[in-house]
Amino acid sequence: NTEKFRVIIDLWLNELKKITITDVVGKITENDIFGGRGGMAYHISHTFPEALVFPTEFRKFYMNERTLELYNDRFLELQKQLNEAIYNHSKLFAREMNINNWL
């Protein structure tokens, strides 16, 4: 229900836009369905109608997909910033939804 949760969705997109990885140019899009065609998000949202699902995918800039070599610096940079984005968003979500004693 994008109308009901528009503010929460925009807060998540804004947190993702803050992620900057050295030497990587990226873009943030909404409703850009990848190869899986959103199957997991569809399943969750139809099984749990009150759930708010944020399917989030990243291009594999943090590894070589052919050799499976992990680019450790990029991976750790993404991990740190994504953790911050999730934490920040959860605080903003709690504030917007008027949830007390959250984080």
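Everything numeric in this text was worked out from a predicted model, so none of it was measured.

Here is what the cut-offs are and how they apply
Residues numbered from 1 in each chain as written. Predicted model: local features only at pLDDT ≥ 70, side-chain atom pairs only at ≥ 80, totals over all residues. Heavy atoms only, no water. Phe/Tyr/Trp six-rings, centres within 6.5 Å; stacked < 30°, edge-to-face > 60°. Buried < 20%, exposed > 50% of the residue type's maximum accessible area, 1.4 Å probe, protein only. Helix = DSSP H or I, 4+ residues; strand = E, 2+ residues; numbered from the N terminus. Contact = heavy atoms within 4.5 Å.

Draft legend 1. Expanded view of the packing of aromatic side chains. Here the structure, examined in full by the defined rule, presents three aromatic pairs. Centre to centre, the rings of phenylalanine 61 and tyrosine 62 are 5.7 Å apart; their planes meet at 85°, and the pair counts as edge-to-face. Residue classification places tyrosine 62 among the buried positions, given a relative accessible area of 16%. Taken together, Phe61, Tyr62 and Phe75 form an aromatic cluster joined through their ring pairs.

Draft legend 2. Region of interest: the environment of leucine 70. Residue placement: leucine 70 occurs in the loop between α2 (39-47) and α3 (72-96). Taking the C-alpha atoms as reference, leucine 70 lies 30 Å from isoleucine 9; in sequence the two are 61 residues apart. Not counting residues up to four positions away in its chain, the partners in contact with leucine 70 are Tyr62, Met63 and Phe75.

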